[in-house]
Amino acid sequence: MSRWQAKQEEAPQAPALTIDALGKKCPIPIIWLAEQINQVPMNSVVSVLADDPAAFTDIPAWCRLKSHKHVATFELPEGGWAIHVRRNY
Amino acid sequence: MVYFDAASTEPLRPQAREALLEALDAGWADPARLYGSARRARLSLEQARAEVAEELGARPDEISFTTSGTQAVHLGVLGTLHGRRRTGRHLVVGAVEHSSVLHAAGLHERAGGSVETVGVSRTGAVLAEVFAAAVAAPGTALACLQTANHEVGTLQPITEVAAACREAGVPLLVDAAQTAGRLPVPGGWSVLAASAHKWGGPAGVGVLAVRKGTRFRSPLPEDEREGRRVPGFENVPAIVAAAAALRASAAERDEQARLSKLVERIRDTVARTIPDVEVIGDPAARAPHIVTFSCLYVEGEALLGELDKAGFSVSSGSSCTASTLRPSHVLEAMGVLTHGNVRVSLPRGTSVTDVDRFLAVLPDIVRRIRLEAGVSS
């Protein structure tokens, strides 16, 4: 099973904010995302950089629970992912 | 200490303990020999085999005892693949099977075989149609599906999948470890695996059942024991105790209905009293004793530690609480929260009082851990 997944349902949108959570274990990347998502304007994208494998599953799950939008997940060349989330409210 | 980890192991039943002590004295001899004490051991072993066969819906000569549920799965998977190697080398498994199935599949793949992993829905069940389409692939030698998931309790559509396997002429290995002794074993299996300590028997006894007519050849060096399917001297006393425990569990199926109501109580209360919680798995089509939930922003290890201090033994699929760095493959495949995860699984005799005390302390523990992590509600 490939762990690679990218949903590209709309034109790529440059992130308004990047949260560097590389080297941090879950739930820290998600706590930071929850804290900071309200700092970007409505409908903008936050990119979370994370390399804890739990973040790969948990950030999209957080979006589902919190009614934000998981836009896409991009693999980083140095390992880990940039997980893009759009603020919905 | 309140024990809520029955999915890992059910405490030994008193009937099993009694049978074990008796059989240690009476059933120690080699059941393969012909003198008096050996014949008595053989008699006890065959009596246990007949009882286990009856409870699991098999014929006695289809049952072999292994040293664990894991060994039953390993031998069941590899032995059936070996027996059918001329038919094909393709294996189909569910994505949330026990690691024993997935590791056996990994070995098969490294040996040149192919494996298809069938994904699951958000509740953790495979879709019967998707699984059926996968087993219809040419060269499929075996399919594996569990009765219920060991981490989230969701039941798998065994009956539908078994019908599809029959139609495709593919044997189905059913891993019944989480439900044997709790729920009737669904029919339609060609190979069945179970584990005695999960139904209140002693550790060190697994069951491998191979239906008459299913091609099977042990992947291990030849050995005469257990119908040539499992090598080594049988642990007759433990097997006798395992059969006694299975009889005892079958005699109190009402207890499972009672536990299922307690699980429902936990599912409802947790969802109501804890903010930002995801109660996981199918709310209705599930094993009677298992409930799993994940708390947002909570580290699983901290949660288990606090629950331990409060007097509750529970388990978790979060990566930081396991020996691996990866979160549970089950939660990952379901696409649900993997951090802050708690699995509560109720042993027989769990009291309402203990469940209510757990439900009373949990919200405050979660709130405190969030507060310490700097999460504002």
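**Regarding the overall build of chain B**
Scanning chain B from N- to C-terminus turns up eleven helices and twelve strands. For 377 residues, the compact-globule formula gives about 21 Å, and the C-alpha radius of gyration of chain B, at 21 Å, lands near that figure. Principal axes of the C-alpha set define a box for chain B whose edges measure 70 × 50 × 35 Å. Taking all 377 residues of chain B together, 57% fall into the buried category. In chain B, the proportion of contacts linking residues at least 24 apart, taken out of those at least 6 apart, comes to 72%. Within chain B, one finds 40 positive and 42 negative side-chain charges whose respective centroids are separated by 5 Å.

**Side note on a positive patch on the surface**
Residue and element names in this part refer to chain B. A grouping of Arg 85, Arg 86, Arg 215 and Arg 217 is seen on the molecular surface, where their side chains present a positively charged patch. For Arg 215, the position within the fold is in the loop between strand E8 (206–210) and helix H7 (236–250). Relative accessible area serves as the criterion here: at 55%, Arg 215 is assigned to the exposed category.

**Some thoughts on the pairing of strand E2 (residues 45–50) of chain A**
Residues and elements named next belong to chain A. Here E2 lies mainly inside the structure; six of its six residues are buried. By the alternation rule, side chains of E2 split into Val 45, Ser 47 and Leu 49 and Val 46, Val 48 and Ala 50, which are all buried. Each parallel crossover has a hand, and for strand E1 (residues 17–21) linked through helix H1 (residues 28–36) to E2 it is right-handed. Where E2 lies against strand E4 (residues 81–86), six bridges are found, and the strand directions are antiparallel. In the sheet register, Ala 50 faces E4, and the bridge partner there is Trp 81.

**Remarks on the pairing of strand E3 (residues 90–94) of chain B**
Along any regular strand, the residues point their side chains to alternate faces of the sheet. All names here are of chain B. Counting buried positions along E3 yields five of five residues, so the element is predominantly enclosed. Residues His 90, Val 92 and Gly 94 point to one face of E3 and Leu 91 and Val 93 to the other, with burial holding for every one of them. The pairing of E3 with strand E4 (residues 114–118) spans five bridges and is classified as parallel. Of the residues in E4, the one forming a bridge with Val 92 is Glu 116.

**So, the sheet that holds strand E3 (residues 69–75) of chain A**
Residue and element names in this part refer to chain A. Spatially, E1-E2-E4-E3 is the arrangement adopted by the four strands of the open sheet, whose pairing is mixed. Of all the strands in the sheet, the pair left with one neighbour each is E1 and E3. Neighbouring strand axes in the sheet, compared pairwise and without regard to direction, differ in orientation by 20 degrees on average. The strands touched by H1 are E1, E2 and E4; relative to E1, the strand with the most contacts, the crossing angle is about 155 degrees. Relative to E4, helix H2 (residues 53–66) is tilted by about 5 degrees, and along the sheet it contacts E2, E3 and E4.

**Brief notes about empty space enclosed by the protein**
Residue and element names in this part refer to chain B. Per the counting criterion, the structure on display carries two cavities of 30 Å³ or more. Each pocket or cavity is described by its volume, and for the second largest cavity that value is around 40 Å³. Forming the walls of the second largest cavity are Glu 10, Arg 13, Gly 181, Arg 182, Lys 198, Trp 199, Ser 249 and Gln 256. Residues belonging to the lining of the second largest cavity are distributed by class as follows: one nonpolar, three polar and four charged.

**Focus on the domain arrangement of chain B**
Residues and elements named next belong to chain B. Taken domain by domain, chain B consists of domain 1 (2–8 + 253–372) and domain 2 (14–250). Between domain 1 and domain 2, the residue contacts involve 28 residues of the former and 28 residues of the latter. Between domain 1 and domain 2, roughly 2200 Å² of surface is buried when both sides are summed, and carbon and sulfur atoms account for 52% of that area. The largest per-residue losses of area from domain 1 upon contact with domain 2 belong to Arg 253, His 329 and Met 334, which jointly make up 28% of the total buried on that side. Our enumeration of links across domain 1 and domain 2 arrives at zero salt bridges. Summed over the shared surface of domain 1 and domain 2, the number is 15 residue pairs in polar contact (both at pLDDT 80 or more). When contributions to the side of domain 1 that touches domain 2 are tallied by element, the ones reaching two or more residues are helix H8 (254–273), strand E10 (290–295) and helix H10 (329–334). Ranked by residue count, the leading element in the side of domain 1 that touches domain 2 is H10, at five residues. When its residues are assigned to classes, the side of domain 1 that touches domain 2 shows 14 nonpolar, nine polar and five charged.

**Let's talk about unusual backbone geometry**
Residues apart from glycine generally show negative phi values, whereas peptide bonds are mostly found in trans. In this model, A:Cys26 is joined to A:Pro27 through a cis peptide bond whose omega is 15 degrees. Within the element layout of this structure, A:Pro27 appears in the loop between E1 and H1. The backbone of A:Ser67 sits at a positive phi, close to 55 degrees, despite the residue not being glycine. Positionally, A:Ser67 belongs in the loop between H2 and E3. Backbone geometry at B:Asp276 places phi at a positive 55 degrees, although glycine is not the residue there. Mapped onto the secondary structure, B:Asp276 falls in the loop between H8 and strand E9 (277–280).

**Focus on the environment of A:Asp58**
One can find A:Asp58 in helix H2. Along the sequence, A:Asp58 and A:Pro29 sit 29 residues apart, while their C-alpha atoms lie 9.5 Å from each other. Excluding its chain neighbours within four sequence positions, the residues that come into contact with A:Asp58 are A:Cys26, A:Ile30, B:Val336, B:Leu337, B:Thr338 and B:His339.

Each value, and the rule that gives it
- Residues numbered from 1 in each chain as written.
- Chains lettered and ligands numbered in written order.
- Predicted model: local features only at pLDDT ≥ 70, side-chain atom pairs only at ≥ 80, totals over all residues.
- Heavy atoms only, no water.
- Helix = DSSP H or I, 4+ residues; strand = E, 2+ residues; numbered from the N terminus.
- Rg over C-alpha atoms; globule rule 2.2 N^0.38 Å.
- Buried < 20%, exposed > 50% of the residue type's maximum accessible area, 1.4 Å probe, protein only.
- Contact = heavy atoms within 4.5 Å.
- Lys, Arg positive; Asp, Glu negative; His and termini not counted.
- Charge placed at Lys NZ, Arg CZ, Asp CG, Glu CD.
- Patch = residues over 30% accessible without salt bridge, like charges linked within 9 Å, V, L, I, M, F, W, Y side chains within 5 Å.
- Areas by Shrake-Rupley, 256 points an atom, 1.4 Å probe, with all protein chains shown as cover.
- Salt bridge = Lys/Arg side-chain N within 4 Å of Asp/Glu carboxyl O.
- Right-handed = clockwise from strand over helix to strand, strands pointing away.
- Pairing = 2+ DSSP bridges.
- Axes fitted to C-alpha atoms, helices over the stretch in contact; angles between N-to-C directions.
- 1 Å grid on protein atoms, 1.4 Å probe; cavity = no way out; pocket = protein on both sides within 12 Å on 5 of 7 lines; lining within 4 Å.
- Points joined across faces, edges and corners; volume = space filled by probe spheres on them.
- Nonpolar A, V, L, I, M, F, W, Y, C, P; charged D, E, K, R; others polar.
- Domains from an automatic or database assignment.
- Buried area = accessible area lost by both parts, 1.4 Å probe.
- Polar contact = N/O pair within 3.5 Å; in protein donor to acceptor, adjacent residues only side chain to side chain.

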